[in-house]
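Chain by chain, the residues:
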Amino acid sequence: MTILIENALMLDGKRADTLIEENRIAAINPKQKDRSDVVIDATKKAIVPGLFNMHTHAAMILLKGYADDYELHEWLTQHIFPMEAKLKPKHVYYGTLLACAEMIHSGTTCFNDMYFFEEEIAKAVERAGMRAVVSKALTTQSYNRAEAKKAIKKLSDFERVLPALGPHAIYTTDKETLCDVKELASELDVLIHFHLSETKKEVEDCLKEHGKRPAEYLKEIGFLSNRVINAHCVWLNEREIKIVAESGAKMVSCPTSNLKLASGIAPLTEIVDAGIATMLGTDGSASNNSLNMFETIKLASLLQKYKQWDATALPAEQAFELATINAAKALNLKAGVIKEGFLADLCLIDLTHISMVPCYNLISNIVFSAEPACVDTVICNGRILMENRVIGWEADIKEKAMQVAEELLSE
Ligand SMILES: [Zn+2]
């Protein structure tokens, strides 16, 4: 199928026509445009790359608002873990689909997920039409090499799904497991999705148990490499930032979740300056409580300005890159920009929406004033997922998700 998006405002402030053929952007300002199957008049719209939400537990949307205002450890052990023990595949399938709908509404086309029942996540991604990294989530207790291998093989069969291994964190996954996962990831050539240095408690416990801080410990056991995507990194000190940078490992900051659980503010400016591939994520909806990447991008920038006492810290353009091109590069995807030959993963923004008026600088508006409601149309892999803010399957999924969430609570 070919789609022609006519006369949209681009990030450089110019207007252009964008031709999509199959799953790629075939041309910007094509000479021949009369043969398109679909023509979208974007005179009152802007075209931007789809956002990347690089740390999620999408199905946790079913626990949104279930346990708010608790201290992290109590939240996790007293409220979240007991509910998660009751999860069945259907909860993860419908929960992930509901999350996909919320992400599409807020301009996200790709997410990096870690949760139970990974095959259900992949099925939901397939149905929603999005792109995702889906991890085989594991801890020492649940890890089985043969099973993990089988799971990766199954995930590889899904279109638009990049399989990964997801060891949870140092406090749930021991040295032997982490080393084995590292080996397996190289053998299967997949990424590793991990939680690193999220809380002060994690650092203190690691010091007590291993005599080292988390990144130092991971360096010692040889776990860190350019395959590893570390979520959070709130408590990395200067020495640890250097360790992560030297290892080639990547980092995802989740500012909203870190504030809500009072985990702290990540040293994002220092991490970016150290040359670490840096991205942004929302984390699960139980600790956010939304999957709104506009809010995440804005908070990431504002928190660095506050932390550095410097209004020039993490400026709009850089913050926007953390949620687009940086993530595409980390996943080795030719995406994250509107350019010929790149994947057609993109959004049309309604320039008449109140959050976009006036529009002196499109990137500034996207970073500092955009709301999900300004996202008009979302295209992923050359396919229209949402048009005029309508997702065809949304109403059914909302109903089904409510139903399975109620079942989960009453069990
Ligand atoms: Zn997480």
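From a predicted model like this one, the values you see are computed outputs, not experimental measurements.

Focus on the sheet that holds strand β10 (residues 191-196)
Spatial strand order, β6-β7-β8-β9-β10-β11-β12-β13: 8 strands in an open sheet with parallel pairing. Two strands close off the open sheet at either side, each with one partner strand: β6 (51-56) and β13 (278-280). Each neighbouring strand pair of the sheet contributes to a mean axis angle of 25°, computed without reference to strand direction. Bridge analysis of strand β9 (residues 161-167) against β10 gives 2 bridges, and the strand direction is parallel. Across the sheet, residue Leu-165 finds its bridge partner in β10, namely Ile-192. Across the face of the sheet, helix α3 (residues 118-128) comes into contact with β7 (108-115), β8 (131-138) and β9 while running at roughly 170° to β8. Taken strand by strand, helix α5 (residues 175-188) contacts β9 and β10, and its axis lies near 160° from that of β9.

As for the environment of Ser-290
Note on placement: Ser-290 falls in the loop between β13 and α11 (293-308). The spacing of Ser-290 and Lys-64 is 226 residues in sequence and 8.0 Å in space, taken between C-alpha atoms. Each residue touching Ser-290, except ones within four places of it in the same chain, is listed here: Glu-102, Thr-282, Ser-285 and Glu-295.

Thoughts on the domain arrangement of the protein chain
We note that the domain assignment places domain 1 (2-49 + 338-394) and domain 2 (51-330) within the protein chain. Computed from C-alpha coordinates alone, the two centres of domain 1 and domain 2 are separated by 28 Å. Each side of the interface is counted separately: domain 1 has 20 residues, and domain 2 has 22 residues. When residues of the side of domain 1 that touches domain 2 are traced back to their parent elements, those giving at least two are α14 (362-368), β15 (375-380) and β16 (383-386).

Here's the deal with helix α2 (residues 89-105)
Taking 1.5 Å of rise per residue, 17 residues should cover 24 Å, and α2 covers 25 Å from first to last C-alpha, within 8% of that figure. Extensive coverage of α2 is indicated by the burial of 13 of its 17 residues. Once α2 ends, the next one or two residues include Gly-107, with phi positive near 85°.

Considering the nonpolar core
Cys-100, Val-125 and Met-130 are the most contacted members of the largest nonpolar core, which totals 132 residues. No other element matches α2, which puts 10 residues into this core. When residues of this core are sorted by domain, at least three fall in each of domain 1 (2-49 + 338-394) and domain 2 (51-330). Beyond its immediate stretch of four places on either side in the chain, Val-125 contacts Cys-100, Met-130, Ala-132, Val-134, Phe-158, Arg-160 and Val-161.

Quick look at helix α6 (residues 200-210)
The α-helix advances 3.6 residues per turn, and as a result positions three or four apart in sequence lie on the same side. Every buried residue belonging to α6 is among Glu-202, Val-203 and Cys-206, and all of these are buried. On an axial view of α6, the arc spanned by its buried residues comes to 95°, and they lie on one face. Of the exposed residues in α6, the ones pointing more than 90 degrees away from its buried face are Glu-204 and Lys-208. A positive phi of about 70° marks Gly-211, the residue just after α6.

Description of the pairing of β7
Put simply, side chains in a regular strand alternate between the two faces of the sheet. The buried fraction of β7 is high, at 8 of 8 residues. Where β6 lies against β7, 4 bridges are found, and the strand directions are parallel. Of the residues in β7, the one forming a bridge with Leu-51 is Thr-108. As paired strands, β7 and β8 are joined by 6 bridges and run parallel to one another. Bridge assignment links Asn-112 to a residue of β8, and that residue is Val-133.

A look at the packing of α2 against α3
For the pair α2 and α3, interaxial distance at closest approach is 8 Å and the crossing angle is 40°. When you trace α2 past α3, the crossing you get is right-handed. Here α2 contributes Pro-89, Val-92, Tyr-93, Thr-96, Leu-97, Cys-100 and Ile-104 to the contact with α3, which in turn contributes Glu-120, Ile-121, Lys-123, Ala-124, Val-125, Arg-127 and Ala-128. The class makeup of the residues in the contact of α2 with α3 is 10 nonpolar, 1 polar and 3 charged.

Side note on the environment of Ala-26
Mapped onto the elements, Ala-26 comes out in strand β3 (residues 24-28). Along the sequence, Ala-26 and Leu-343 sit 317 residues apart, while their C-alpha atoms lie 9.2 Å from each other. Leaving out residues up to four positions away in the same chain, Ala-26 has contacts with Leu-19, Ile-20, Glu-21 and Glu-340.

Parameters and conventions
Residues numbered from 1 in each chain as written. Predicted model: local features only at pLDDT ≥ 70, side-chain atom pairs only at ≥ 80, totals over all residues. Pairing = 2+ DSSP bridges. Helix = DSSP H or I, 4+ residues; strand = E, 2+ residues; numbered from the N terminus. Axes fitted to C-alpha atoms, helices over the stretch in contact; angles between N-to-C directions. Contact = placed C-beta atoms within 7 Å. Domains from an automatic or database assignment. Expected span 1.5 Å × (residues − 1). Buried ≥ 20, exposed ≤ 12 C-beta atoms within 10 Å, placed from the backbone. Core = buried A, V, L, I, M, F, W, Y, C linked by C-beta atoms within 7 Å. Arc of directions from axis to C-beta. Left-handed = near helix turned anticlockwise from the far one by under 90°. Nonpolar A, V, L, I, M, F, W, Y, C, P; charged D, E, K, R; others polar.

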